[in-house]
Amino acid sequence: MKVSIVIPTYKRPDLLERLLESINKQTFKNFEVIVVDDNSPNINEYELVIRKYSELFNEFTFFRNNINSGAPFSRNLGILNAKYDLIALVDDDDEWLESKLFEQVKVFENNENVGIVYTWTKVIENGKNLISNYKSEIEGTKNALKGILRECYIPSPSVMLRKKALLKAGLFDITFPSCQDWDMWTRVILLGYECRVVPAFLTIYHKHEQETIGNSPKAILGYKLYYKKHKIHILKILGFEGFIILLKHYYGNLRYSLKMK
């Protein structure tokens, strides 16, 4: 099996280089790398990084959006141009450990119903301080669906999916300013694909002071859109628990709105 690695990037060539270096160290080598630049203003800095890694990787493709279009658009462009059946998604400010791809590909082999595989993830602040861990063990189909409707237990730096599952789910929703990954994982699992986890810390989520959606007011809008889009599934599958989740979400947003006025 081969893997297409899709990386959206914007204004962070230094962090992109750190990620690409971690990809270069992977023990599994049957992959292509697709970088999609979302019309960064510092294109000259990117050119140095792209030149370096296009020489290191056997298969390396670089796209540049004509206008700034957002991470979901960039991911979709990469997915649509991917050659291989497995897609590893990762943002430019994340990082992988050496056996990440190898361990995930093993899970996909000989199991056609597996649509999404994630790993445990460490959260590092300012490049050095471990502040928390994502360590979920939720797997399967029914358990995975209940879990993903409660919260996004699948850390975005770690995800690998079947390309056909992404296409069948309809790709990333470009109307979401945040929570696009949560929405995408939910739609793949709703299709009946099995979710599996590699119970090892193989990815790193970096918290830093550079610009991110998670640190902006757009984050709250993403949650609002997610709950609106999946309200029926939350109520149908989680029952009374789902009603409480939606109620807490409504009052949480109301308090936030009042505070901002």
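All of the points below concern the structure found in this document. (Residues numbered from 1 in each chain as written. Predicted model: local features only at pLDDT ≥ 70, side-chain atom pairs only at ≥ 80, totals over all residues. Heavy atoms only, no water.)

Counting its regular elements, the protein chain contains 10 helices and 9 strands. Considering only C-alpha atoms, the protein chain reaches an extent of 55 × 50 × 35 Å along its principal axes. The 261 residues of the protein chain split such that 49% are buried. Just so you have it, the protein chain exposes about 13100 Å², and 52% of that area is on carbon and sulfur atoms. If the 36 positive side-chain charges of the protein chain are averaged to one point and the 31 negative ones to another, these points end up 8 Å apart. (Helix = DSSP H or I, 4+ residues; strand = E, 2+ residues; numbered from the N terminus. Buried < 20%, exposed > 50% of the residue type's maximum accessible area, 1.4 Å probe, protein only. Areas by Shrake-Rupley, 256 points an atom, 1.4 Å probe, with all protein chains shown as cover. Lys, Arg positive; Asp, Glu negative; His and termini not counted. Charge placed at Lys NZ, Arg CZ, Asp CG, Glu CD.)

With 39 residues, the main nonpolar core has Ile148, Ile154, Trp185 and Ile189 as its most contacted residues. Here the element with the most residues in this core is helix H7 (residues 180-190); it accounts for 5 residues. Within the second largest apolar cluster, 30 residues are counted, among which are Ile7, Phe28, Phe31 and Val117. (Core = buried A, V, L, I, M, F, W, Y, C linked by side-chain atoms within 4.5 Å.)

When you tally the buried positions in H7, you get 10 out of 11 residues, the bulk of the element. Residues of H7 that are buried include every one of Gln180, Asp181, Trp182, Asp183, Met184, Trp185, Thr186, Arg187, Val188 and Ile189, and no others. Following H7 by one or two positions, Gly192 has its phi on the positive side, about 100 degrees.

This next bit is on the packing of helix H1 (residues 13-24) against helix H2 (residues 43-56). At a closest axis distance of 10 Å, the pairing of H1 and H2 adopts a crossing angle of 10 degrees. By the angle class used here, H1 and H2 are roughly parallel. Where H1 abuts H2, its residues Pro13, Leu16, Glu17, Leu20, Glu21 and Asn24 lie against Glu45, Tyr46, Val49, Ile50, Lys52, Tyr53 and Leu56. Along the lines of polarity and charge, the residues of the contact of H1 with H2 split into 8 nonpolar, 1 polar and 4 charged. (Axes fitted to C-alpha atoms, helices over the stretch in contact; angles between N-to-C directions. Parallel < 35°, antiparallel > 145°, perpendicular 65-115°, else oblique. Contact = heavy atoms within 4.5 Å. Nonpolar A, V, L, I, M, F, W, Y, C, P; charged D, E, K, R; others polar.)

Here we come to the environment of Met1. Relative to the helices and strands, Met1 is located in the segment before strand S1 (3-9). Excluding residues within four positions of it along the chain, Met1 makes contact with Phe28, Asn30, Leu86, Val105, Phe108, Glu109 and Arg162.

Below, the discussion takes up the environment of His206. Along the chain, His206 falls in strand S9 (residues 194-207). Sequence separation of His206 and Lys25 is 181 residues, and the distance between their C-alpha atoms is 18 Å. If sequence neighbours within four positions are ignored, His206 has contacts with Arg18, Asp93, Asp94, Glu95, Ile124 and Gly127. A polar side-chain atom of His206 sits 2.8 Å from a polar atom in the side chain of Glu95. (Polar contact = N/O pair within 3.5 Å; in protein donor to acceptor, adjacent residues only side chain to side chain.)

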